[in-house]
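# Survey of secondary and tertiary structure
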Amino acid sequence: MSEAFFHTCKPALDVDYLEDGDLALVQTFLIIAHYLQGSRAPNRCWHIIGTAIRLAQGVGLHSDIGDEHRSFAETQIRRRVWHGCVMLDLAVSIMLGRPVMISHKPSTPLPDPIDDRHLAIDYPTCEQPPGTFSHVEWFIATLKLYGLLRKTLHMLYDNDGKQCNGNPADQTRSGTLTQIQYITQLDSELQDFRLEVPMPLHWDVPASEVQPQFLREQHLLKARQVKTGPLPVLSKSLHENLSTGTERASSRAGICANFAMDCVFFCVQSAIELINLIHETCNTDLASVWYYNIFCEHNTEALMFQAD
């Protein structure tokens, strides 16, 4: 069915259709990008998501200016589509090892947790019925998680290759302390995220409280928060900073060296947790798409390599 949809939508790729873009066209390109993400043509996905972002910016989805003149439902859909662009841009960039197109934190507010059936185009405002959990909560939680991942990558790449002047030992200590500060801050934010995850989506709940309709979302969110953790991503850079310094810097490493070792242990724990999760779900309905599992496997290899 997905392949049939893709071939049906191919005419939308014609440049003539791009002249007057609209919300529906952006949605179409996002769906095409999702399809191509799991195909044998990842470069097509890269190009399509870039076009989707340009189309979205062209119709103003990146800004909330003018929302006061739109219906509540239209505003919510626009926010969903824009943040879908942001999330897919980050996901594809990470998988292909390429820079993101949207490098800054989006200014557009996150969508509200309201299911589609409760969004009425003619109503001035809409609400999720009390006591009813919205499926949009999973999308919102994933967006918050990707926001933390963006911070991690921003720190990692912004501190890579910078030229410094002065004493090399001072440079090493300064860089190490900066990385420790970022790591602890991001780890704290990740802990806050785990505490704020709505109970139906949380993975650490008693079996009696698990809601079957959200079981797959629980496993996906668990895998992504393990992969998003700042310590596995940044510990390699921290370790290199400590190991490549001068003898003077190494002799004064002290707490920094111990902190780096703690990061190594955390890498191993994260890798084991991710491997176990993939093994438990790979042949079940709870498994993610095949390319995401492969990506996670590469992550575990990288984590173990960092710990070596």
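Our subject is the structure that appears above.
I will try to describe carefully the structure that is included in this document. (Residues numbered from 1 in each chain as written. Predicted model: local features only at pLDDT ≥ 70, side-chain atom pairs only at ≥ 80, totals over all residues. Heavy atoms only, no water.)

## A short note on the overall build of the protein chain
Looking only at helices and strands, the protein chain features eleven helices and zero strands. Counting from the amino terminus, helix and strand elements in the protein chain follow one another as α-α-α-α-α-α-α-α-α-α-α. (Helix = DSSP H or I, 4+ residues; strand = E, 2+ residues; numbered from the N terminus.)

## Side note on the nonpolar core
Judged by nonpolar contacts, the single largest core of 24 residues is most densely connected at Val26, Leu30, Ile49, Trp82 and Cys85. Contacts of valine 26, omitting those with residues within four sequence positions, involve Ala52, Leu55, Ala56, Val59, Leu61, Val81 and Cys85. Within the second largest apolar cluster, ten residues are counted, among which are Val197, Leu201, Trp203 and Leu221. (Core = buried A, V, L, I, M, F, W, Y, C linked by side-chain atoms within 4.5 Å. Buried < 20%, exposed > 50% of the residue type's maximum accessible area, 1.4 Å probe, protein only. Contact = heavy atoms within 4.5 Å.)

## A look at the packing of aromatic side chains
Counting across every chain of the model gives one aromatic pair. Between phenylalanine 133 and phenylalanine 214, the aromatic rings sit 5.1 Å apart at their centres with planes inclined by 85 degrees, giving edge-to-face as the arrangement. Of the two residues, phenylalanine 133 is situated in the loop between helix H4 (72-96) and helix H5 (136-158) and phenylalanine 214 in the loop between helix H6 (168-196) and helix H7 (215-228); the sequence distance between them amounts to 81 residues. Phenylalanine 214 gets classed as buried once you look at its relative accessible area, which sits at 3%. Positioned above the aromatic ring of tryptophan 46, the side-chain terminus of arginine 98 is 5.2 Å from the ring centre. (Phe/Tyr/Trp six-rings, centres within 6.5 Å; stacked < 30°, edge-to-face > 60°. Lys NZ or Arg CZ within 6 Å of the ring centre and 35° of its normal.)

## Re the pattern of salt bridges
Counted according to the given criterion, the structure contains four salt bridges. Close ionic contact of arginine 80 with aspartate 116 constitutes a salt bridge, the shortest N to O distance being 2.4 Å. With arginine 80 in helix H4 and aspartate 116 in the loop between H4 and H5, the pair connects residues that are 36 residues apart, well separated along the chain. Judged by relative accessible area, arginine 80 falls into the buried class, the value being 16%. (Salt bridge = Lys/Arg side-chain N within 4 Å of Asp/Glu carboxyl O.)

## Points about the environment of isoleucine 77
Residue position: isoleucine 77 is located in helix H4. C-alpha separation for the pair isoleucine 77 and aspartate 112, spaced 35 residues apart in sequence, amounts to 9.9 Å. Look past the residues within four positions of isoleucine 77 in its chain and what remains in contact with it is Leu23, Gln27 and Leu119.

## Re the packing of H7 against helix H10 (residues 255-281)
Any two packed helices are characterised by the angle at which their axes cross and by the distance between the axes. Between H7 and H10, the least distance of the axes is 10 Å, while the angle of their chain directions is 155 degrees. Relative to H10, the element H7 lies roughly antiparallel. The two elements H7 and H10 cross, and the hand of that crossing is left-handed. When H7 is examined against H10, the residues His219, Lys222, Ala223, Gln225 and Val226 are found in contact with a partner set consisting of Ser270, Glu273, Leu274, Leu277 and Thr281. Looking at side-chain class alone, the contact of H7 with H10 contains four nonpolar, four polar and two charged residues. (Axes fitted to C-alpha atoms, helices over the stretch in contact; angles between N-to-C directions. Parallel < 35°, antiparallel > 145°, perpendicular 65-115°, else oblique. Left-handed = near helix turned anticlockwise from the far one by under 90°. Nonpolar A, V, L, I, M, F, W, Y, C, P; charged D, E, K, R; others polar.)

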